[in-house]
Amino acid sequence: MGSRIEILNEAGFRSDGRRQFELRDLSIDLSKRGEADGSAQLSHGLTQVLVSVHGPREAKMRSHTFHDRANINVEVVVASFSTGERRKRLRGDKRVLEFAATIKSTFEPVIRTSLYPRSQIDIYVQVLQQDGSTLQACINATTLALINAGIPMSDFVCAVTGGVHSTSPMLDLTTLEENDIPHVTVAVMPKSKKVVLVTMETRLHVERFQELLNLARDAGAILHQEMREAILERSAGLIAMAEPGMKQSKGDEDVVMD
C-alpha cells in the first residue's frame, strides 16, 4: 500500500512542488547567542536546528583529556515540539545518541584537534523543528558554528540527504519522503571532494547508490557556496562594527599632549 500523497507525479514534481534535484530554501543566522564562542541557526525548509560551540576550553573530566589533541564532545537535544508526535526524546535516547556519535565521527577528522592538546570542544545541537533531512541540517549547522567560533578546520563539511523513488533519485527529502522511500545521507568536503560520511538506515540498490553519491557531491558544492557567502557576510559585518573603534583609537594616538 503506497503513500496517500504522491511522492513524485508524472510531471516530475514532488509533493511540496519541487523538482527531483531541487533543494529547499536555506536560511542561515550566525548572530551571537548567549555565552557560546560560536553559533549557527540553520533551516532547510521547515527543518530547523541551532548549534552552539564552546571552546577550546579545559575538559571538565580528566578522562576526557588527551595529551596530543582536543577532545570533541557532542550533545544533541530534540525539542518535544519539533514533530507532530509530541514525543520527548531524552539525552539517553538511542536515536539521539546515534545522532551525536555520527556528528562527532564526521568532524573528528576535519577539525585540527592537534592544535589544542589537553582541551575540549563542546558542540551542542538543538533540533527545533523536523521535516526531513534532520542529520543533513545538523551537520551543516555544525560546520557553520565551528567556523563562527574560529575553530580551525581543513575544509567545510556539507551534507545532503537523498533517496530514490522507483528509479528517480531525489535530494533534500521531507519527512513524508523519508518515510516512503529508501534514503542515504552523504557529507562531503567540497574542496578536496572527499566523502566523510555515508549513513543509510534503509536498503538501497547498489546501482542507485553511485548515482545518489554523485548528486550529493554536486549538491554539496551548491550548499558550500551559500554557506561560504553567509560566513563572509558575517565577517564583513563584524569588521564594519570594529572599524569605528579602530578609527577612534587611532585618532586618540594622533593627539599631541603639551
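Residues numbered from 1 in each chain as written. Predicted model: local features only at pLDDT ≥ 70, side-chain atom pairs only at ≥ 80, totals over all residues. Heavy atoms only, no water.

(A) Here's a closer look at a negative patch on the surface. Taken together, the side chains of Glu22, Asp25, Glu226, Glu229 and Glu233 present a region of like negative charge at the surface. Looking at the element boundaries, Glu226 is found in helix H4 (residues 206-254). Assessed through its relative accessible area of 36%, Glu226 is described here as partly exposed. (Patch = residues over 30% accessible without salt bridge, like charges linked within 9 Å, V, L, I, M, F, W, Y side chains within 5 Å. Areas by Shrake-Rupley, 256 points an atom, 1.4 Å probe, with all protein chains shown as cover. Salt bridge = Lys/Arg side-chain N within 4 Å of Asp/Glu carboxyl O. Lys, Arg positive; Asp, Glu negative; His and termini not counted. Charge placed at Lys NZ, Arg CZ, Asp CG, Glu CD. Helix = DSSP H or I, 4+ residues; strand = E, 2+ residues; numbered from the N terminus. Buried < 20%, exposed > 50% of the residue type's maximum accessible area, 1.4 Å probe, protein only.)

(B) Helix H2 (residues 134-148), seen in detail. Taking 1.5 Å per residue as the helical rise, H2 with its 15 residues ought to reach 21 Å, and the 21 Å between its terminal C-alpha atoms agrees with that figure. Across the 15 residues that make up H2, a large majority, 14, are buried. Following H2 by one or two positions, Gly150 has its phi on the positive side, about 80 degrees. (Expected span 1.5 Å × (residues − 1).)

(C) Quick look at the nonpolar core. Counting residues in hydrophobic clusters, the biggest one holds 57 residues, and the most contacted among them are Val53, Val76, Ile123 and Leu146. In terms of residue count, the dominant contributor to this core is H4 (9 residues). Here Leu146 is in contact with Val53, Phe107, Ile111, Ile121, Ile123, Ile151 and Met153, once residues within four sequence places are set aside. Listed in part, the 5 residues of the second largest apolar core include Ile7, Met170, Leu173 and Ile181. (Core = buried A, V, L, I, M, F, W, Y, C linked by side-chain atoms within 4.5 Å. Contact = heavy atoms within 4.5 Å.)

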